[in-house]
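Residues per chain, in single letters:
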Amino acid sequence: MSPKAEGVDARGLDASQAAAQPQASAFGGQFPVILSSPSGGGKTTIARELLGRRNDVGYSVSCTTRAPRAGEVDGRDYYFLSREEFIRRREAGDFAECAEVHGNLYGTLKSEISRVLATGKHVIMDIDVQGARQMRRSFVDSVTVFVLPPSGEVLLQRLKNRKTESPQQLIDRLNSALHELRAVEEYEYVVVNDDLALAVQRVGSILDAEVVSRERVAGLRHSVEALIARLEQEITHTSR
Ligand code: ADP
Ligand code: 5GP
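Residue indices follow the written sequence of each chain, beginning from 1 at its first position. Chain A is the first chain written and ligand 1 is the first ligand written, with later ones labelled in order. Per-residue local features are limited, in this predicted model, to residues with pLDDT of at least 70; the limit for side-chain atom pairs, both in listing and counting, is 80 or more; totals at the level of whole chains, interfaces and linings are taken over all residues. Note that water and hydrogens are dropped before the side-chain values are worked out from all heavy atoms of the structure.

Let's talk about the overall build of the protein
As a reminder of what qualifies: Helix and strand assignments follow DSSP, with helices taken as H or I runs no shorter than four residues and strands as E runs no shorter than two, numbered in order from the N terminus. Relative accessibility under 20% of the residue-type maximum defines a buried residue, over 50% an exposed one, and the middle range a partly exposed one, all with a 1.4 Å probe and only protein chains included. The contact definition used throughout considers only heavy atoms, calling two residues in contact when any of these lie within 4.5 Å. Using a 1.4 Å probe, the Shrake-Rupley method yields the accessible areas, and only the shown protein chains count as cover for residues.
Scanning the protein from terminus to terminus reveals nine helices and nine strands. Counting the 240 residues in the protein, one finds 42% classified as buried. In the protein, of all internal contacts separated by at least 6 residues, the share reaching a separation of at least 24 is 66%. Put simply, the protein shows about 12,900 Å² of open surface, and 54% of that area lies on carbon and sulfur atoms.

Encoded structure:
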């Protein structure tokens, strides 16, 4: 049983307070892990590496109206939707969050989050700062990680080397990068992506620490009460 089920959720709200509030993820001890960064910061690369190294994480495949890049596969990298289809699904209430980024629509399907959480895995989400704000409101137990490039020079170099954007698209992404960077203080964790292996290890350490954070330990109050009861019994028995 989670602390929330015992009456106090991750925000320390009791059941009556929480009733009027957004809910924590309705699955075991798994939670959404949100990675954001300016374009080229390395969140996709880090997410991919994590998925390859850990079997306790799954990826939330987002929907987008942008065109697929060379090598991108529908259903693996994104669900590529027409703008009309995206808007239809948004109106149907299918998205847990969605936002317009660099002139395209992006969104996380509620069904995608449930799919991953239901497999008993944490759900890694590579989303922008607007989406992270929405997720924090509706999934209060989300863990938010901002991935920072080691320097502006390195970011520009990585973006240019990736060769996935036209010069105009690059400018659009740099403009968005300014908004993303200004939101860094909204995130709980910051990982500098200089050495990739180290950055991946750090995100993994965040996950491991979050799993044992007091607020997430399943049945903590019950376990401690049982411990106390056993010790009290022993004290009473021995002092007779
Ligand atoms: P984002 O998803 O944040 O836009 P990507 O994961 O696509 O960024 O990374 C941008 C580019 O930088 C990619 O070409 C990727 O291979 C490269 N890259 C990411 N992290 C590192 C790193 N630590 N060292 C060197 N190159 C990196
Ligand atoms: P890209 O086009 O480079 O794959 O992604 C562009 C931006 O859209 C990145 O900042 C990425 O994090 C963001 N993004 C990708 N998927 C989603 C999503 O489902 N929701 C939101 N809000 N942003 C997303």
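Some words on the confidence of the model for the protein
Spelled out, the test is: The pLDDT value tells you how sure the predictor is about a given residue, anywhere from 0 up to 100.
For the protein, the mean per-residue pLDDT works out to 89, and 88% of the residues sit at or above 70. This model gives residues 1-21 a pLDDT under 50, and the stretch forms 34 contacts once residues within four places in sequence are excluded.

Examining the site of ligand 2
Here is the rule: When we say a residue is near a molecule or strand, we mean one of its heavy atoms is within 4 Å of it. N or O atoms within 3.5 Å of each other form a polar contact, as long as, within protein, one can give a hydrogen and the other can take it, and as long as residues adjacent in sequence are counted only when both atoms are side-chain atoms. Only protein atoms enter the calculation, which uses a 1 Å grid: trapped sets of points that fit a 1.4 Å probe without letting it out are cavities, open sets showing protein on both sides within 12 Å along at least five of seven lines are pockets, and any residue with an atom within 4 Å of a point is a lining residue. Think of it this way: if more than half of a molecule's atoms are within 2 Å of a pocket's grid points, that molecule is in the pocket or cavity. Note on residue classes: Ala, Val, Leu, Ile, Met, Phe, Trp, Tyr, Cys and Pro are nonpolar, Asp, Glu, Lys and Arg are charged, and everything else, Gly too, is polar.
In the vicinity of ligand 2, 17 residues are found, and the nearest of them are Ser62, Arg66, Tyr78, Glu97 and Tyr106. At a separation of 2.7 Å, an oxygen atom of ligand 2 approaches a polar side-chain atom of Ser62. Interatomic distance of 3.2 Å between a backbone N/O atom of Gly107 and an oxygen atom of ligand 2. The cavity that encloses ligand 2 is the largest pocket. Looking at the shell around ligand 2, the elements with two or more residues in it are strand E5 (95-101) and strand E6 (104-109). By residue class, the composition of the shell around ligand 2 is five nonpolar, five polar and seven charged.

Some remarks on a nonpolar patch on the surface
Applicable threshold: Patch building starts from residues that exceed 30% relative accessible area and form no salt bridge, then joins like charges within 9 Å and nonpolar side chains (Val, Leu, Ile, Met, Phe, Trp, Tyr) within 5 Å. Any carboxyl oxygen of Asp or Glu that lies within 4 Å of a side-chain nitrogen of Lys or Arg is treated as forming a salt bridge with it.
Where nonpolar side chains cluster on the molecular surface, the patch consists of Leu220, Val224 and Ile228 and spans about 210 Å² of accessible area. Following the sequence through the fold, Val224 ends up in helix H9 (residues 220-239). The partly exposed category is assigned to Val224, whose relative accessible area is 35%.

Digging into the site of ligand 1
Around ligand 1 there are 14 residues in total, and Gly40, Thr44, Thr45, Arg162 and Asn193 lie nearest to it. Between ligand 1 and the protein, one listed contact pairs an oxygen atom with a side-chain N or O atom of Ser37 at 3.3 Å. A distance of 3.4 Å separates a nitrogen atom of ligand 1 from a polar atom in the backbone of Leu196. If ligand 1 stood free it would expose 560 Å²; the protein chains cover 74% of that surface. In this structure, ligand 1 is accommodated by the largest pocket. When residues of the shell around ligand 1 are traced back to their parent elements, those giving at least two are helix H2 (43-53) and helix H6 (152-162). When residues in the shell around ligand 1 are grouped by element, the largest group, three residues, is from H2.

Some details on unusual backbone geometry
The phi dihedral of His102 falls on the positive side, at around 45°, and the residue is not glycine. Assessed through its relative accessible area of 24%, His102 is described here as partly exposed. For Lys163, which is not glycine, the phi torsion reads 55° and is therefore positive. With respect to the element layout, Lys163 can be found in the loop between H6 and helix H7 (167-182). Looking at Lys163, the relative accessible area reads 68%, which means it is exposed.

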